[in-house]
Amino acid sequence: MRALNPPIKNWAGKRVWLVGASSGIGAALAQALLAAGAWVTVSARRQEALLELAQPHPHAHVVAFDAGDAQAWPEAFERTLAAMGHIDLVVFGAARYDPTHSWELDLDQVQKSFDLNVVGVYRGVSHLVPYFLKRGQGGLAVIASISAYTGLPKAVIYGATKAALNNMAQTLYFELEPKGVSVYLINPGFVETPMTAVNDFEMPGLMKPAEAAKAIVAGFERGDFEIRFPRGFAGALRWISFLPDCWRFPLLHKITKL
Ligand SMILES: NC(=O)c1ccc[n+]([C@@H]2O[C@H](COP(=O)([O-])OP(=O)(O)OC[C@H]3O[C@@H](n4cnc5c(N)ncnc54)[C@H](OP(=O)(O)O)[C@@H]3O)[C@@H](O)[C@H]2O)c1
């Protein structure tokens, strides 16, 4: 099958902006890309954690900001440009996770989750798309989740935000790829990070952040559109999502014991 994006074969000197990189998958991705020779700007709210990550690397820069704050984006974008000279690829990974049953809904959590996980990406995209179109090149990567594939227990908020990103990324790809802008949809399964530390259930296929980063880098290098991992668990959930509803819901009840 042909690659859906131009494969990234050489990271040396590539300018990558990672939004949501003070811990977990984003921090591991920063380490992996720096080791491969990329220049990386790491962003998140916790400046101390970002500085600790960036400090040993001459080509790592820190731009701390709150991606949930619309006013903060223009300055963060300008500072990132100033730090690296230009931007080749941006990875949107800042998110919040409020595992919630349908009967426990807190509208404040709903609003904050959509504002950061979804509207936060639109905010970034609204700066990056005109910039990349002007350059005639660039890459946008959205970290969603395999929880986007089908309704799952306690994912009434989080899963819906990630499903929105799955749809958004497809339209971005459809419209921007012909104009020279690569678009990647990253759908991780369970990864052992501060985000999943709150989970009180078994997490099949649980990966370390470094393994997740390796899978993401491999996806960029193959030129995938969707970068899905781990292969077994994520593939199985994808397959389940295609089943007729009358089979899918009973199967999911059986698997999740809920
Ligand atoms: N772990 C998993 O199993 C899993 C599975 C599927 C998808 N994902 C997705 O992977 C991405 C990374 O998650 P993770 O698991 O690595 O969790 P994590 O370690 O908690 O990372 C979340 C990152 O987002 C940043 N962030 C949160 N709120 C922010 C805000 N308002 N402004 C700027 N940055 C903000 C956090 O930094 P600060 O707190 O310093 O701001 C942190 O760097 C998320 O999009 C998540 O939904 C994770």
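Higher on the page you've got the structure.
Residues numbered from 1 in each chain as written. Predicted model: local features only at pLDDT ≥ 70, side-chain atom pairs only at ≥ 80, totals over all residues. Heavy atoms only, no water.

## What to know about the overall build of the protein chain
In step 1: Scanning the protein chain for helices and strands turns up eight helices and seven strands.
In step 2: For a compact globule of 258 residues, the expected C-alpha radius of gyration is about 18 Å, and the protein chain comes in at 18 Å, within 12% of that figure.
In step 3: For the C-alpha atoms alone, the extent of the protein chain along its principal axes is close to 55 × 40 × 30 Å.
In step 4: A separation of at least 24 residues holds for 65% of the contacts in the protein chain among residues at least 6 apart in sequence.
In step 5: Carbon and sulfur atoms provide 57% of the accessible area of the protein chain, an area that totals close to 12,700 Å².
In step 6: Counting 24 positive and 22 negative side-chain charges, the protein chain places the averaged centre of each group 7 Å from the other. (Helix = DSSP H or I, 4+ residues; strand = E, 2+ residues; numbered from the N terminus. Rg over C-alpha atoms; globule rule 2.2 N^0.38 Å. Contact = heavy atoms within 4.5 Å. Areas by Shrake-Rupley, 256 points an atom, 1.4 Å probe, with all protein chains shown as cover. Lys, Arg positive; Asp, Glu negative; His and termini not counted. Charge placed at Lys NZ, Arg CZ, Asp CG, Glu CD.)

## As for the site of the ligand
In step 1: For the ligand, the set of nearby residues contains 30 residues, the closest of which are S23, R45, Y158, V191 and T193.
In step 2: In this structure, I25 approaches the ligand through a main-chain N or O atom, which is 2.7 Å from an oxygen atom.
In step 3: Measuring from an oxygen atom of the ligand, one finds a backbone N or O atom of G93 at 2.8 Å.
In step 4: Listing elements by their share of the shell around the ligand, those giving two or more residues are α1 (24-35) and α5 (158-176). (Near = heavy atom within 4 Å. Polar contact = N/O pair within 3.5 Å; in protein donor to acceptor, adjacent residues only side chain to side chain.)

## A few points about the pairing of strand β7 (residues 226-229)
In step 1: With burial as the criterion, only one face of β7 is covered, namely that bearing I227 and F229; the residues E226 and R228 on the opposite face remain uncovered.
In step 2: In this sheet, β7 lies alongside strand β6 (residues 181-188) in parallel orientation, the contact comprising four bridges. For N187, the partnering residue across the bridge sits in β7 and is R228.
In step 3: Once the chain exits β6 it traverses helix α6 (residues 209-222) before rejoining the sheet at β7, and the crossover so formed is left-handed. (Buried < 20%, exposed > 50% of the residue type's maximum accessible area, 1.4 Å probe, protein only. Pairing = 2+ DSSP bridges. Right-handed = clockwise from strand over helix to strand, strands pointing away.)

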